[in-house]
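Survey of secondary and tertiary structure
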Amino acid sequence: MQTVDEILKIKNVKNTAVRTVVLRHLLSQEKAQSLKDIENTLIYTDRSSIFRTLKTFEENKIIHSIEDGSGMVKYAVCAEGCNCDPKDLHYHFYCNNCNKTFCLFDVPFQNIELPENFKIQQANMVVKGLCNNCNK
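The shown structure was predicted, so the numbers you read here are calculated from the model rather than taken from an experiment. (Residues numbered from 1 in each chain as written. Predicted model: local features only at pLDDT ≥ 70, side-chain atom pairs only at ≥ 80, totals over all residues. Heavy atoms only, no water.)

**Remarks on the sheet that holds strand β2 (residues 63–67)**
Counted only if it meets this: A strand pair is defined by DSSP finding two or more bridges across the two strands. Think of it this way: any DSSP run of H or I at least four residues long counts as a helix, any run of E at least two long counts as a strand, and we number them from the N terminus. Every residue pair with non-hydrogen atoms within 4.5 Å of one another is taken to be in contact. Angles run from 0 to 180 degrees between N-to-C directions of axes, and those axes are lines fitted to C-alpha atoms, restricted for helices to the stretch in contact.
Spatially, the three strands line up as an open sheet ordered β1-β3-β2, and their pairing is antiparallel. The open sheet has two edge strands with one neighbour each: β1 (33–34) and β2. One ladder, built from two bridges, connects β1 with strand β3 (residues 73–77); its direction is antiparallel. Residue Ser34 lies in a different strand from β3, and its bridge partner there is Lys74. Most of the contacts of helix α2 (residues 17–27) go to β3, to which it runs at about 85°, and overall it touches β1, β2 and β3. Seen against the sheet, helix α4 (residues 47–59) touches β2 and β3 and runs at an angle of roughly 105° to β2.

**Some details on the sheet that holds strand β5 (residues 101–108)**
Sheet architecture is open: three strands sit in the order β5-β4-β6, paired in mixed fashion. What marks the edges here is a single partner per strand, and that holds for β5 and β6 (126–129). Taking each pair of neighbouring strands and ignoring which way they run, the sheet shows an average axis angle of 30°. Alignment of strand β4 (residues 90–95) against β5, held across five bridges, turns out to be antiparallel.

**Points about the packing of α2 against α4**
To keep things clear, this is the line we draw: Any angle that falls under 35 degrees is termed roughly parallel, while one over 145 is termed roughly antiparallel, one within 65 to 115 roughly perpendicular, and all others oblique. Think of it as three bins: nonpolar holds Ala, Val, Leu, Ile, Met, Phe, Trp, Tyr, Cys and Pro, charged holds Asp, Glu, Lys and Arg, and polar takes everything else, Gly as well.
Where α2 meets α4, the axes come as close as 10 Å, and the angle between the chain directions of the two elements is 75°. With respect to α4, the element α2 is oriented roughly perpendicular. Only Ser49, Ile50, Thr53, Leu54, Thr56 and Phe57 of α4 make contact with α2, whose side of the interface consists of Val18, Arg19, Val22, Leu23 and Leu26. For the contact of α2 with α4, the per-class residue count stands at seven nonpolar, three polar and one charged.

**Quick word on α4**
The periodicity of an α-helix, 3.6 residues per turn, causes residues three or four positions apart to be oriented the same way. Basically, it comes down to this: To estimate the expected span of a helix, count its residues, drop one, and scale the result by 1.5 Å. Burial classes follow relative accessibility: with a 1.4 Å probe on protein chains only, a residue under 20% of its type's maximum area counts as buried, one over 50% as exposed, and anything between as partly exposed. Each direction from the helix axis to a C-beta atom contributes to the arc, which is the arc of those directions.
Compared with the 18 Å implied by 1.5 Å per residue over 13 residues, the 18 Å span of α4 between its first and last C-alpha is a close match. Of the positions making up α4, those classed as buried are Ser49, Ile50, Thr53, Leu54, Thr56 and Phe57. End-on, the buried residues of α4 take up no more than an arc of 165°, which puts them together on one face. Projecting away from the buried face of α4 at angles above 90 degrees are the exposed residues Arg52 and Glu59. On the buried face of α4, the contacting elements are α1 (4–10), α2, α3 (35–41), β2 and β3. At the exit of α4 stands Lys61, carrying a positive phi of roughly 60°.

If you want it as structure tokens, here you go:
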């Protein structure tokens, strides 16, 4: 797994204290995080700085956002080598019991044939059910 410094350098994003803390937190999580989740963990970092950092990361394809139907956008670190191209799209799993959202990197999107001159910029496929822990 790449370090925070390596990821920021590869994506040409200036390393700041807030960016380091936010990215380190996201890398340590097994599930996608909402702004509120991050804010509740990084209690000494203000909400607007976290939000600006998430937007910078998303614009530079360090993270991707997920709209899982929970009413909160969640964020997860992109896989190594991801450029958020159609070939990098993947499914997400939302647990109806614990409300956690997971990236399913090993389950790529099926090829979607679009009409001429249409271009995919973002797709959101969320599978809902019970995660491994809640299904026990």
